[in-house]
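# A look at the structure
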Amino acid sequence: RVRASASDVVVMFGGKAAKAAKLAAEVGPLGPIVDDAIARAMKMAGLRTSNGVPLQILLAHLVFGLFLCACVFIASAVISPRLFRADMARLKPNERKTWHTNAVTFLPTFAVTYFAAPAVLAYAGPSGSFLHAATADTLRGCGISLGYMTWDLLVMLLDARDQMRAYGGASPYVLFLIHHTLSLAAWPYAVTSGRCVYFVNYFLVSEVTNFNMSLRWFLMKCGKEGGRVYFWNGILWIPLFFTIRIAVIPRLVTAYFAGDWSELGANETWAARLLLPVPILLNVYWFWLIASTAIKFLATGSETGVRKDALETKKDE
């Protein structure tokens, strides 16, 4: 099996030899056969570098993330038509297909947060430094997140028309395409080389807020917009989203502007200056959409801002 040298592994994991050796010998979540296949692929691609062990951990969990996505999709295709027979019967054909792909969106809420939350709490580097080795939890959480994004990106590209409808139009669809593509391009290098890990940890843990968004879609398709679950799901979504994605922005902005940019190379500096603000700006935009929709709903009983009685009068006319 291809492994980085012992000295390289110790450097990447903060000089703790015992922990580094344990990680180097750790079997991935899908077992040694998959680990060996990844190691051979890394060798063929010329990725036998000092960050070999972090990269192998990341890739093993990326493949694991893809595997979990497929399992959730298949489970939904088998179970949902039986468990939600009446609700699915009312759906359009494209919505029945989207039902199963949207079931997968619950996965990162739990699987990524399981690793990302401890990674945020255990981060020992200074916030003003762009150089700090990723912990094993960061690598695992990031791998699963990238596996999910790979799956979701493929779904979006292979079923563009129906996915665009599910996302509510071309604009949000394109935003998610950009979000996934940039993450897949930048995060592997960042976490395996110990660049901007402080930021990536926070971006990963924000996946927990996807639960409310995913549940909202299913409640809408089941005709539960007027129910208590729909109401409280939306109300609780606002403080959760604010706490996880918005309240931390001052801390991230301070780290961005006060950080020691001389630690990064020229290309790394250019990429970090350009890419780090993107998730922050997207979070502000999404929070504005969530909050404005909630205000309309509380004021009128409708997410469109038009009162239900007005709609009914218009229909009667």
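Right, let's walk through the structure included here. As the structure is a prediction and not an experimental result, all values here were calculated from the model.

Moving on: the environment of valine 104. Within the secondary structure layout, valine 104 lies in the loop between helix H6 (93–103) and helix H7 (106–122). What makes valine 104 buried here is its relative accessible area of 1%. Along the sequence, valine 104 and tryptophan 151 sit 47 residues apart, while their C-alpha atoms lie 9.2 Å from each other. Leave out the neighbours within four places in its chain, and valine 104 touches Cys69, Val72, Phe73, Tyr148 and Trp151.

Turning our eyes to something else, we now look at the packing of aromatic side chains. The tally for this structure, following the rule as stated, stands at 23 aromatic pairs. Note on phenylalanine 84 and tryptophan 99: the rings are 5.4 Å apart at their centroids and 55° apart in plane angle, and the pair reads as tilted. Here phenylalanine 84 is found in the loop between helix H4 (52–83) and helix H5 (85–89), whereas its partner tryptophan 99 is found in helix H6, with 15 residues between them in sequence. Exposure remark for phenylalanine 84: the relative accessible area of 31% places this residue in the partly exposed category.

Viewed as axis vectors pointing N to C, H7 and helix H11 (residues 197–205) meet at an angle of 140°, and their least axial separation amounts to 8 Å. It follows that H7 is oblique to H11 by the angle criterion. Crossing hand, H7 versus H11: left-handed. Residues Val112, Thr113, Ala116, Ala117, Ala119 and Val120 of H7 touch H11, and the partners they reach there are Asn201, Tyr202, Leu204 and Val205. Residues of the contact of H7 with H11, tallied by class, amount to eight nonpolar, two polar and no charged.

Taken together, the side chains of Ile74, Val78, Ile79, Leu83 and Phe84 present a nonpolar region at the surface, about 460 Å² in accessible area. One can find valine 78 in helix H4.

Moving on: the pattern of salt bridges. Scanning the model with the defined rule gives seven salt bridges in all. Here arginine 90 ties to aspartate 87 by a salt bridge, and the two come within 2.7 Å at their closest N and O atoms. As a salt-bridge pair, aspartate 162 and lysine 97 come within 2.8 Å of each other at their nearest N and O atoms. With a gap of 65 residues between them, aspartate 162 in helix H9 (residues 160–167) and lysine 97 in helix H6 connect regions that are remote in the sequence. What emerges from the salt-bridge pattern is a single network uniting Lys97, Asp159, Asp162 and Arg165.

Moving on, we get to the side chain of aspartate 87. Note that aspartate 87 resides in helix H5. Those residues in contact with aspartate 87, other than ones at most four positions away along the chain, are Lys221 and Cys222.

Another point: the environment of valine 191. Among the structural elements, valine 191 can be located in helix H10 (residues 170–193). Of the residues examined, valine 191 reaches a relative accessible area of 0% and is grouped as buried. A sequence separation of 57 residues divides valine 191 from alanine 134, and the C-alpha atoms of the two residues are 5.6 Å apart. For valine 191, the contacting residues outside a window of four places in its chain are Leu58, Ala134, Thr138, Leu139, Cys142, Val197 and Val200.

Even without being a glycine, cysteine 196 presents a positive backbone phi close to 55°. Position of cysteine 196 among the secondary structure elements: in the loop between H10 and H11. Looking at cysteine 196, the relative accessible area reads 9%, which means it is buried.

On to helix H13 (residues 228–246), then. Its 19 residues place the ends of H13 26 Å apart at the C-alpha level, agreeing with the 27 Å of an ideal helix rising 1.5 Å per residue. By the burial criterion, the buried members of H13 are Tyr230, Asn233, Trp237, Phe241, Arg245 and Ile246.

For any two helices packed against each other, one specifies the crossing angle of their axes together with the interaxial distance. Contact geometry of helix H3 (residues 32–44) with H4 gives a least axis separation of 10 Å together with a crossing angle of 125°. By the angle between their directions, the pair H3 and H4 is classed as oblique. Where H3 crosses over H4, the handedness of that crossing is right-handed. Residue-level inspection shows Val34, Asp35, Ile38, Ala39 and Met42 of H3 in contact with H4, the latter providing Gly52, Leu55, Gln56, Leu59, Ala60 and Val63. Tallied by class, the residues present in the contact of H3 with H4 amount to eight nonpolar, two polar and one charged.

Rules used throughout
- Residues numbered from 1 in each chain as written.
- Predicted model: local features only at pLDDT ≥ 70, side-chain atom pairs only at ≥ 80, totals over all residues.
- Heavy atoms only, no water.
- Helix = DSSP H or I, 4+ residues; strand = E, 2+ residues; numbered from the N terminus.
- Buried < 20%, exposed > 50% of the residue type's maximum accessible area, 1.4 Å probe, protein only.
- Contact = heavy atoms within 4.5 Å.
- Phe/Tyr/Trp six-rings, centres within 6.5 Å; stacked < 30°, edge-to-face > 60°.
- Axes fitted to C-alpha atoms, helices over the stretch in contact; angles between N-to-C directions.
- Parallel < 35°, antiparallel > 145°, perpendicular 65-115°, else oblique.
- Left-handed = near helix turned anticlockwise from the far one by under 90°.
- Nonpolar A, V, L, I, M, F, W, Y, C, P; charged D, E, K, R; others polar.
- Patch = residues over 30% accessible without salt bridge, like charges linked within 9 Å, V, L, I, M, F, W, Y side chains within 5 Å.
- Areas by Shrake-Rupley, 256 points an atom, 1.4 Å probe, with all protein chains shown as cover.
- Salt bridge = Lys/Arg side-chain N within 4 Å of Asp/Glu carboxyl O.
- Expected span 1.5 Å × (residues − 1).

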